[in-house]
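# Structural overview for review
The lines below spell out each chain.
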Amino acid sequence: MTDRSHLPIPRFSLLLTRAGMLAEQVQRAFWPFESILLLALAALMLGLQDMVRVETVWVSAAICLLALAIAAVWGVRRFHFPTRAEALVRLDETLPGRPIQALLDEQAIGAMDADSVALWRAHQARMAARAARAEPVRPDLSLAARDPFALRYAALLALVVGVLFGSVWRVGSVTEMTPGAAVAGQGPSWEGWVEPPRYTGLPTLYLADQSGPTLEVPQGSRITLRFYGEVGAHSLTETSSGSGAEAATGPEQDFVAERSGRLSIEGPAGRDWAVKIIADSLPEIEIAEPATAEAGGQMKLPFTARDDYGVVSGSALIELDLDAVDRRYGLAAAPDPREPVSVQLPMPITGDRNEFTEDLIEDFSQHPWAHLPVKITLSVRDAAEQMSDATPYLTALPARRFFDPLAAAVIEQRRDLLWSRTNAPRVAQLLRAVSHRPEDIFRSETAYLRLRYILRRLETFSDFGLKPEQQAEIAQALWDLAILIEEGTLADALERMRRAQERLTEAMKNGASDEEIADLMQELREATDDYLRQLQRLAQEDMNGQQGQQNQNGETMQMTQDDLQRMMDRIQELMEQGRMAEAQQALEEFQQMMENMRVTQGQGQGNQSEGQQAMEGLAETLREQQGLSDEAFRDLQEQFNPGAQAGENQGNQGRSGGQGRGQSHEGQGGRGQGSDPSGEGQQGQGSLADRQQALRDELNRQEQALPGAGTAEGDAARESLGRAGRAMDEAEEALRSDDLAEAIDRQSEAMEALREGMRALGEAMAQNQQNQPGQGTQEGDMQANNRDPLGRNPGAAGSISTDENLLQGDDVYRRARELLDEIRRRTGETDRPRIELEYLKRLLERF
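What counts, and where the lines are drawn
Residues numbered from 1 in each chain as written. Predicted model: local features only at pLDDT ≥ 70, side-chain atom pairs only at ≥ 80, totals over all residues. Heavy atoms only, no water. Helix = DSSP H or I, 4+ residues; strand = E, 2+ residues; numbered from the N terminus. Buried < 20%, exposed > 50% of the residue type's maximum accessible area, 1.4 Å probe, protein only. Contact = heavy atoms within 4.5 Å. Areas by Shrake-Rupley, 256 points an atom, 1.4 Å probe, with all protein chains shown as cover. Pairing = 2+ DSSP bridges. Axes fitted to C-alpha atoms, helices over the stretch in contact; angles between N-to-C directions. Salt bridge = Lys/Arg side-chain N within 4 Å of Asp/Glu carboxyl O. Arc of directions from axis to C-beta. Core = buried A, V, L, I, M, F, W, Y, C linked by side-chain atoms within 4.5 Å. Patch = residues over 30% accessible without salt bridge, like charges linked within 9 Å, V, L, I, M, F, W, Y side chains within 5 Å. Phe/Tyr/Trp six-rings, centres within 6.5 Å; stacked < 30°, edge-to-face > 60°. Lys NZ or Arg CZ within 6 Å of the ring centre and 35° of its normal. Parallel < 35°, antiparallel > 145°, perpendicular 65-115°, else oblique. Left-handed = near helix turned anticlockwise from the far one by under 90°. Nonpolar A, V, L, I, M, F, W, Y, C, P; charged D, E, K, R; others polar.

A separate point is the overall build of the protein chain. Across its full length, the protein chain holds 23 helices and 18 strands. The buried share among the 847 residues of the protein chain stands at 38%. Sequence-distant contacts, at least 24 apart, represent 70% of the contacts inside the protein chain between residues at least 6 apart. Accessible surface, the protein chain as shown: approximately 46900 Å² in total, 52% of it carbon and sulfur.

For the rest of this paragraph, the subject is the sheet that holds strand 9 (residues 271-278). With mixed pairing, five strands are arranged side by side in an open sheet as 3-9-8-5-6. Every other strand in the sheet has two partners, leaving strand 3 (214-218) and strand 6 (245-248) as the edge strands with one partner each. Geometrically, the sheet is characterised by an average inter-axis angle of 20° between neighbouring strands, direction not taken into account. Here strand 8 (residues 261-266) runs beside strand 9; their pairing, made up of five bridges, is antiparallel. Among the inter-strand pairings, Ile 265 is bridged to a residue of strand 9, identified as Arg 271.

We now examine the pattern of salt bridges. A pair can form between side chains of opposite charge whenever their charged atoms are brought close. With the rule as written, the count across this model stands at 36 salt bridges. Of the charged contacts, one joins Arg 53 and Glu 55 as a salt bridge, the two residues approaching to 3.8 Å between their closest N and O atoms. Residues Glu 749 and Arg 746 are paired through a salt bridge, measuring 2.4 Å at the closest nitrogen-oxygen approach. Of this pair, Glu 749 and Arg 746 both sit in helix 20 (residues 740-771), three residues apart, roughly one helical turn.

This paragraph deals with helix 8 (residues 424-434). Listed in full, the buried residues belonging to helix 8 are Ala 424, Val 427, Ala 428 and Leu 431. Summarising the axial view, the buried residues of helix 8 lie within an arc of 100°, below the 170-degree limit, and thus occupy one face. Facing away from the buried surface of helix 8 by more than 90 degrees, the exposed residues are Pro 425, Gln 429 and Ala 433.

We now examine the side chain of His 234. Considering the arrangement of structural elements, one finds His 234 in the loop between strand 4 (221-227) and strand 5 (235-238). On the basis of relative accessibility, which here comes to 4%, the residue His 234 falls in the buried class.

What follows covers the nonpolar core. It is characteristic of soluble globular proteins that their nonpolar side chains tend to be buried jointly. Within the largest apolar cluster, 30 residues are counted, with the highest numbers of intra-cluster contacts made by Leu 618, Leu 699, Leu 706, Leu 754 and Leu 761. Mapped onto this core, the elements with two or more residues apiece are helix 16 (610-640), helix 18 (685-704), helix 19 (712-736) and helix 20. The dominant element in this core, judged by the number of residues it contributes, is helix 20, at ten residues. When residues no more than four places from it in sequence are discounted, the contact partners of Leu 754 are Leu 618, Thr 621, Leu 622, Leu 699, Leu 721, Ala 724 and Met 728.

Here we have four strands laid out as an open sheet, ordered 2-1-4-7, and antiparallel in their pairing. Each end of this open sheet is capped by a strand with a single partner; those strands are strand 2 (205-206) and strand 7 (252-257).

Turning our attention to a nonpolar patch on the surface. Judged by side-chain polarity, Tyr 153, Leu 156, Leu 157, Val 160, Val 161, Leu 164 and Phe 165 come together as a nonpolar surface patch covering roughly 740 Å² of accessible area. Mapped onto the elements of the fold, Tyr 153 is located in helix 6 (residues 151-165).

Turning our eyes to something else, we now look at the packing of aromatic side chains. Scanning the entire structure with this criterion turns up seven aromatic pairs. With a centroid separation of 5.5 Å and an interplanar angle of 90°, the aromatic rings of Phe 402 and Trp 479 are classed as edge-to-face. Residue Phe 402 is found in the loop between strand 18 (393-396) and helix 7 (405-419), and its partner Trp 479 is found in helix 11 (residues 468-510); the two are separated by 77 residues along the sequence. You can call Phe 402 buried: its relative accessible area is 12%. For the cation-ring pair, Arg 400 lies above Phe 402, with the distance from its terminal atom to the ring centre recorded as 5.0 Å.

Right, let's talk about the packing of helix 7 against helix 8 for a bit. At a closest axis distance of 9 Å, the pairing of helix 7 and helix 8 adopts a crossing angle of 165°. Judged on the interaxial angle alone, helix 8 and helix 7 are roughly antiparallel. Here helix 7 runs over helix 8; the crossing is left-handed. Touching Leu 406, Gln 413, Asp 416 and Leu 417 of helix 7 are Ala 424, Arg 426, Val 427, Leu 430, Leu 431 and Val 434, all from helix 8. Counted by class, the contact of helix 7 with helix 8 contains seven nonpolar, one polar and two charged residues.

A separate point is unusual backbone geometry. Its identity is not glycine, yet Arg 98 carries a phi of approximately 50°, on the positive side. Turning to its location among the elements, Arg 98 is positioned in the loop between helix 3 (84-93) and helix 4 (99-104). Taking relative accessible area as the criterion, Arg 98 reaches 40% and is therefore assigned partly exposed. Even without glycine at this site, His 371 takes up a positive phi of about 70°. Mapped onto the fold, His 371 is located in the loop between strand 15 (355-362) and strand 16 (373-382). Relative accessible area serves as the criterion here: at 41%, His 371 is assigned to the partly exposed category.

To continue, consider the environment of Asp 359. Position of Asp 359 relative to the elements: it lies in strand 15. Along the sequence, Asp 359 and Met 299 sit 60 residues apart, while their C-alpha atoms lie 9.5 Å from each other.

This part is about the pairing of strand 15. Put simply, side chains in a regular strand alternate between the two faces of the sheet. Where burial is concerned, most of strand 15 is hidden: six out of the eight residues are buried. One ladder, built from eight bridges, connects strand 12 (residues 299-306) with strand 15; its direction is antiparallel. Pairing of Leu 301 across the sheet is with Leu 360, part of strand 15.

Tracing the sequence through the fold places Arg 77 in helix 2 (residues 54-78). Between the C-alpha atoms of Arg 77 and Ala 29, which are 48 residues apart in sequence, the distance is 8.1 Å.

For the rest of this paragraph, the subject is the pairing of strand 1 (residues 190-195). Strand direction decides the pairing type here: strand 1 and strand 4, joined by six bridges, are antiparallel. Paired with Trp 193 across the two strands is Thr 224, which belongs to strand 4. Alignment of strand 1 against strand 2, held across two bridges, turns out to be antiparallel. In the strand pairing of strand 2, Val 194 is matched with Leu 205.

Packing of helix 8 against helix 10 (residues 445-463) leaves a shortest axis separation of 10 Å and a crossing angle of 150°. Taken as axis vectors, helix 8 and helix 10 run roughly antiparallel relative to one another. Crossing handedness for the pair helix 8 and helix 10: left-handed. Contacts from Ala 424, Pro 425, Val 427, Ala 428, Leu 431 and Arg 432 of helix 8 reach helix 10 at Leu 451, Arg 452, Leu 455, Leu 458, Glu 459 and Ser 462. Across the contact of helix 8 with helix 10, the residue classes tally to eight nonpolar, one polar and three charged.

Nothing here speaks to function; it is geometry throughout.
Set out below in structure tokens:
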């Protein structure tokens, strides 16, 4: 028989296996003891002993000790120290063929046979080699069968909570508790706290830590005191509350500090303070800049508000300044009574509200007081419900301007009708006089017919007395008519020109006669002339409305009406010659040119380059994306705090939260920037998703028309817009799945990508401006008109010569050759104006 101590087994594997068996025995025998001990330590670390009476602490300690003793005895009785033989058995059970047991066996038969002995020794050698490769056995520490409710894990979790949120030092406080003692923790025999109002954001003060003689607290702070020990051992005397207290001896005292006074605690470890109240100052608000009218007619009124603890809300009250009204014509009658207009002021959604500057943006274009003197009073409120008003601001209520004389006249009569219903007969009389000779005034038959309809309705209502709802109906109809006259004329002229072009195209396809072609060309000429006149009129009115800013650049001024006339003559000539394919191509080029002219004017500023238009479009897209993000944020707030945003939705949103939007008021038909297209305050996630998709489509259109292709800056701008589009798609998906938090994150990514794209586009525009000198400013454009075709300033007294050196740089000869080649190229273009060709020929003869 082999000696157990000389078995060829790795000593380390045997030791680890035996240690694992020991851990199994400890866990199975002492897990109740460990669980009780962990629960006791967790309770002490969390300071539960400081929250109950001392007697309760000692009773709980006795129960805990008794439970620990029982668990220890129970564990000792079930604990068994594993022996080496048991470890060998455990290790042998994991090995194939039980090699350890085979090594311990002896040969029973054939011991006298040499062959049998050799075979037995070979078998022993193989078993010894297998035993030498034995690995430690993993212990089985599972206690699920013995602890089916996982009480040990609950105890461990309690200990982790105690370590994270409690303190190890609190364990020692239980040793200082003796029956009958009246101490709270390790502090004095009383406790006190000063809780400032929540809106101040200031922390709670622990009175025992206030060592100074003066206690400065905000007005409205709640002071709470708790006395321990025998009743009457401590008393409170204070003069800071409304009623005060004299020698109050209750176990718990609390009051609200309203005025400066004294706070005295008499008894063991008593203290005395002079209470100084920090008064809550009134909020302040003032007008930062004069009110102005935005491009769309919205009023923009910057204001500054401040408060020591932050402004909560604000409002603007707009009242008619009747004494300042010029009481003539339609304003001579007594005005109909109207309530003052009240709109909510925009508040920052994020950031500090102690002091901020925002813009109140509202559209009062349809209000009866538009352009009339008004008094605007701004007021703000803080969290303490304190109100403060700014000095009334006197101004004419900013609103949309109408440049067309007929549209301005209609708006004036609308104002008179809204001023007083007694003006109805006078308004009807003036409108009838205006429409007496329609062919001299109205450029649109639709506008004339609509005016006649409005006039008949007004006269019918006036015969029976104009009612308020009828007054509002006529006022809205007059507003729509003025918009049609102001903006619809250009559209009518464009539609007429398009119809003429389409009829001419059909005539080419159907083989019209020369007389029919001449009639159709004359119709196209008349429609084109009318369209150009409307373009010129709107450009002139826009230039006047912007205080003389240049509305045309040099490039657009180079195309004259004679050039258009020559193009149409060429089209007619080709058609008369039967060259329909060439005539069709020339007509398509003419249509494209006219469409480009319309698009340029339609952007509102004809002097802007393609890059500037793209920059404005991206800025508008960024503003709309900000507005969508703000609405999604408000919906997210509403989910967690229903009803909290109701008042805010009727107000305005400041610049930091999108564009302002005011509450509805009488006569207001427009909407501020960032307001919902449907006119509603809050939109559902489905509506937000649809608007996000529409905004994504608009960005895709802008990306396709983005200038600067082929340049590093232009490619960077397109890459940024691509990232913005992908973020918008993800935001739309999140909105449709009602994941507002994810949608807001993706919208933020889209806005950041849009800003990067705008920066890259700006760099591309700056680079292009450097490559094209003389086109960057209005001043340069005006000077370019006084230069010759080679860019030189004229000499003195009208001389063509100049002292200015045209060629700059080292390689002047190369530049001279390039100029001569360009002159020869332009000379060969026979479609250039005759006077220009003659000038170029003279240059070639001279140089």
